[in-house]
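Commentary on secondary and tertiary structure
Here's the letter readout for the chains.
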Amino acid sequence: MLQQPRRWRLLIPLATLLGGLTASVLVAASLWTIVDARDRLSFERRVDQAQDAIRDRLDTYITLLRAGAGLFNATYLNVDRGVFQAFAAGLRLNKDYPGIQGLGYTARVRPEEREAFVMAQREQGMPAFRIWPEHPRPEFHSIIYLEPLDRRNGAAIGYDMFSEPIRRAAMEQARDTGQPTVSGRVELVQEIDQARQAGFLIYVPVYRGGATPKTTQERQDALAGFVYSPFRADDLFTAIFQGGRNPGLELRVYDGPPTPSNLLHRSGPQQPDGGSERAARYTDTRTLDIAGRRWTVVYLSSPQLEQNSTRSLIPLFFAGGLIATLLVSGVLWAQIKARLAADQKSQEAQRDLEERRRAEEELRESEERLLLALEAGRLGTWELDIGSNHRLLSPRSAEIFGVPADELLDRETWQAVIHPDDRARVTSAFQEALEGRALYRAEFRVLASDGRERWVSSQAVVHRDKTGTPQWVVGIHQDITDRKRWEEHQVLLINELNHRVKNTLATVQSIAGQTLRNASSVEHVREDLEGRLFALSRVHDVLTRESWEGANLREVIEQAIEPYRRHENDRFHIAGQDTRLSPRLALAVALALQELATNAIKYGSLSNATGVVRITWEVAGAAASRRLLLLWEETGGPAVHPPVRRGFGSRLIERSFAMELGGRATLEFRPEGIRCTVDAPIG
């Protein structure tokens, strides 16, 4: 009786296709997360280096100004133009202090001293000297020295900086505090060309008598002048980051809050026609406190940094996996279809002679199993005649080596195909097999005629005569190039996984350490540590279900408060739109809610029978700069008193949003209940 063809085998290519697609998607998603985390870490390290470079350079300039003030103090203000020029020349400002516009001195002049002061300056080699602007005022602060005295700095001689409000505010602060002071954003009088830049100045006060007076009034009375330096902001920051010290970053430096009117310096390509800022992949906003002035520095990842990311290779990896899956599935489909057709023909042939059919069937099936095994393993065969030393390759072997099929290869031709670095090793392994000391197994590289390099695995059996003399060798070849590449890639993936596990363990270690330092008893340690770790575990469950691509905010909140709510009397009121959070923001929100809920149970609105907690949120801002605005508000509980000391829970909430995410968390201890406001970027 003829058997029906096994149609179920057609499901094998489909299962192979689905399995390959699933594996490619999962590996590509995992690689995407790992590469993004590594690129973020590289960006933040570059930002730290840039912050240090700016701070160190400005500290150097302030030290230089203090040295200038020391010159006037040491000579009891007896510094003429020649002495000041020699002092400035010895400093080699243009060479050793790039980015500085000059080093100068402005003298305090009272109205009754003005005429004599002008005459004295003219006699010292400045015949056209004048104090400007000309309008009357209680006192003058005229620039008398400014080195190097080039065309730009020459335009500032005689200028009374005290006549301009921004400069005067910085000079008054330096005078009253006795400390170096940075001015606000100004346009220098040295800007005499069309290519103008924003600028600022640093002042160091000089007092009569040398020492700094103790009181503010005494400092105001004893002020003699200021040693100062003007800076063109673009020139300064170009000098700080010259020579490629700031690769991969673009800067926006603001005097105070980051508004267009406060912009000191902007690096990177300008947007045409004043267009909006480029949407950088990574951004970070830092502040710098420089001599009584706070700057805001916005860092953006440059297109160069983003293009150098290995993220672009992930689609290629996915495409390669997809192509390989389709090829394997297609081959399997063709083989199974051919097998089904062969089975059908074989069954029809049984009608003639059953005995002959059985013999032929056994032989055919045996040959087909061998061919199928060779095809499934993508294996090629080869034979070597020991006497003639000629080698014959099957079509698959010829394809692997890039030589014509069914062509006899002599020793020299065969050796030329093998990579030069591998020839000695392959020859040695083959010789050991001929001598009977080992089986012939070797992995080596071959150089195909098309210029490509492949890895090949070769195995063989030596046939001998009755005396043990080798007669011929039969073996197989397999192209293992993909396996070799995958082994190298697997090492990379293991290293990335190890890095991710270390980061998670570091987070747990930090939570445990802070809990132990702030706990008052062993029981408190256990409760606080278990609560925080459970909160971290719950949000990890949510992120794992989402393949670490993000999490739904409502689900994060529901998981965080689940241990504290009673469904028969639910005192949590939750309202807000569906919002997706990044993994880092989801972890921060979960830990913050854990701390707030624990506090509410112990001391807040959940510690009695009537209090309630309202959790609401909304999303503000455009798509490129969306921010999460989340509110925790307690009412109906015991009266709240501001704590005497800030606990670890409060610091954990505030720092996790400020330091890790560039956001802000604010805790208000109002009498009617605690109120916590979170403002953090969603991207």
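Description of the structure in this document. (Residues numbered from 1 in each chain as written. Predicted model: local features only at pLDDT ≥ 70, side-chain atom pairs only at ≥ 80, totals over all residues. Heavy atoms only, no water.)

Pairs of aromatic rings are described using the distance from one ring centre to the other and the angle between the two planes. One pass over the full model with this rule turns up 15 aromatic pairs. Where F72 meets F84, the ring centres are 6.1 Å apart and the plane angle is 50°; that geometry is what we call tilted. In this pair, F72 is assigned in helix α1 (residues 11-74) and F84 in helix α2 (residues 81-91), connecting sequence segments 12 residues apart. For the pair formed by F72 and F84, the shared burial category is buried. Ring geometry for F117 versus F129: centroids 6.1 Å apart, planes at 70°, classification edge-to-face. You can see F117 sitting in helix α4 (residues 114-123) and its partner F129 sitting in the loop between α4 and β2 (140-147), a full 12 residues away along the chain. Relative accessible area serves as the criterion here: at 3%, F129 is assigned to the buried category. (Phe/Tyr/Trp six-rings, centres within 6.5 Å; stacked < 30°, edge-to-face > 60°. Helix = DSSP H or I, 4+ residues; strand = E, 2+ residues; numbered from the N terminus. Buried < 20%, exposed > 50% of the residue type's maximum accessible area, 1.4 Å probe, protein only.)

Glancing now at the nonpolar core. Within the largest apolar cluster, 74 residues are counted, with the highest numbers of intra-cluster contacts made by Y105, F200, Y203, W295 and Y299. When residues no more than four places from it in sequence are discounted, the contact partners of F200 are L58, V182, S183, G184, V186, L188, S229, P230, F231, L236, L264 and W295. L553, V556, L581 and W632 belong to the second largest nonpolar core, which has 36 residues in total. (Core = buried A, V, L, I, M, F, W, Y, C linked by side-chain atoms within 4.5 Å. Contact = heavy atoms within 4.5 Å.)

Now for the pattern of salt bridges. Side-chain pairing between opposite charges can occur once the charged atoms of the two side chains come close. Per the counting criterion, the structure on display carries 32 salt bridges. Its salt-bridge partner being D96, residue R92 comes within 3.0 Å of it at the nearest N-O pair. Of the residues examined, D96 reaches a relative accessible area of 37% and is grouped as partly exposed. D284 is paired through a salt bridge with R286; the nearest N and O atoms lie 3.0 Å apart. A relative accessible area of 17% means that D284 is categorised as buried. One continuous salt-bridge network, built from bridges that share partners, spans R151, R152, E191, D193, R232 and D235. (Salt bridge = Lys/Arg side-chain N within 4 Å of Asp/Glu carboxyl O.)

Before going further, it helps to examine α1. Over its 64 residues, α1 extends 95 Å from the first C-alpha to the last, a length consistent with the 94 Å expected when each residue adds 1.5 Å. Positive backbone phi, at 55°, marks Y76, one or two positions downstream of α1. (Expected span 1.5 Å × (residues − 1).)

Turning our attention to the sheet that holds strand β12 (residues 440-447). Across the sheet, five strands lie side by side as β11-β10-β14-β13-β12; this open sheet has antiparallel pairing. At either end of the open sheet lies a strand with only one pairing partner, and these are β11 (390-393) and β12. Going from strand to strand, the sheet's axes swing by 25° on average, the running direction of each strand aside. Where strand β10 (residues 379-385) and β11 come together, four bridges link them in antiparallel fashion. Residue pairing for β11: W382 is matched across the bridge by L393. (Pairing = 2+ DSSP bridges. Axes fitted to C-alpha atoms, helices over the stretch in contact; angles between N-to-C directions.)

Attention shifts here to the sheet that holds strand β7 (residues 263-266). A sheet is described by the order of its strands in space; here four strands give the open sequence β7-β6-β9-β8, paired in antiparallel fashion. Two strands close off the open sheet at either side, each with one partner strand: β7 and β8 (283-290). Strand-to-strand twist across the sheet, computed as the mean angle between neighbouring axes with direction ignored, equals 20°. By the bridge criterion, three bridges tie strand β6 (residues 249-255) to β7 in an arrangement that is antiparallel. Within the sheet, the bridge partner assigned to R252 lies in β7 and is R266.

The contact between α1 and α2 brings their axes to 12 Å, and the two run at 150°. On the basis of their axis angle, the class for α1 and α2 is roughly antiparallel. Crossing angle aside, the handedness with which α1 passes α2 is right-handed. Between α1, through L64, A67, G68, L71 and F72, and α2, the contact on the second element is made entirely by F84, F87 and L91. Partitioning the contact of α1 with α2 into residue classes produces seven nonpolar, one polar and no charged. (Parallel < 35°, antiparallel > 145°, perpendicular 65-115°, else oblique. Left-handed = near helix turned anticlockwise from the far one by under 90°. Nonpolar A, V, L, I, M, F, W, Y, C, P; charged D, E, K, R; others polar.)

Now for a nonpolar patch on the surface. A cluster of nonpolar residues, W8, L11, I12, L14 and L18, forms a patch on the protein surface that exposes about 520 Å² of accessible area. Following the sequence through the fold, L11 ends up in helix α1. (Patch = residues over 30% accessible without salt bridge, like charges linked within 9 Å, V, L, I, M, F, W, Y side chains within 5 Å. Areas by Shrake-Rupley, 256 points an atom, 1.4 Å probe, with all protein chains shown as cover.)

You can see T296 is positioned in strand β9 (residues 293-301). For T296, a relative accessible area of 8% corresponds to the buried category. At 2.6 Å, the side chain of T296 forms a polar contact with the backbone oxygen of G256. Apart from residues no more than four positions distant in its own chain, T296 is found in contact with R252, V253, Y254, G256, P257, P258, T285, R286 and T287. (Polar contact = N/O pair within 3.5 Å; in protein donor to acceptor, adjacent residues only side chain to side chain.)

When you line up the elements, E139 lands in the loop between α4 and β2. Of the residues examined, E139 reaches a relative accessible area of 14% and is grouped as buried. A distance of 3.2 Å separates polar atoms of two side chains, one belonging to E139 and the other to R108. Not counting residues within four places of it along the chain, the set of residues in contact with E139 comprises R108, V109, P111, D160 and F162.

Next up on the list: the pairing of strand β4 (residues 199-207). Counting buried positions over the nine residues of β4 gives nine, a clear majority of the element. Along β4, one buried face is formed by G199, L201, Y203, P205 and Y207 and the opposite face, lined by F200, I202, V204 and V206, is buried too. Pairing of strand β3 (residues 181-182) with β4, which is carried by two bridges, proceeds in the antiparallel orientation. Paired with V182 across the bridge in β4 is I202.

For the rest of this paragraph, the subject is helix α17 (residues 553-561). For α17, every residue scored as buried is listed here: L553, V556, I557, A560 and I561. What you see down the axis of α17 is that its buried residues fit within an arc of 115°, all on one side. For α17, the capping residue at the N-terminal end is N552, with a side-chain oxygen 2.9 Å from the backbone nitrogen of R554. (Arc of directions from axis to C-beta.)

A few words now on unusual backbone geometry. With an omega dihedral of 5°, the bond running from W132 to P133 counts as a cis peptide bond. Residue placement: P133 occurs in the loop between α4 and β2. That bond from E147 to P148 is cis: its omega, -5°, falls within 30 degrees of zero. For A291, which is not glycine, the phi dihedral falls at a positive 50°. Within the secondary structure layout, A291 lies in the loop between β8 and β9. Relative accessible area serves as the criterion here: at 18%, A291 is assigned to the buried category.

A regular strand places its side chains so that they alternate between the two faces of the sheet. Most of β9 is tucked away, with seven of its nine residues classed as buried. Relative to β9, β6 runs antiparallel, the two sharing seven bridges. Bridged to L251 within β9 is Y299. The pairing of β8 with β9 spans eight bridges and is classified as antiparallel. By the bridge assignment, D284 is partnered in β9 with Y299.

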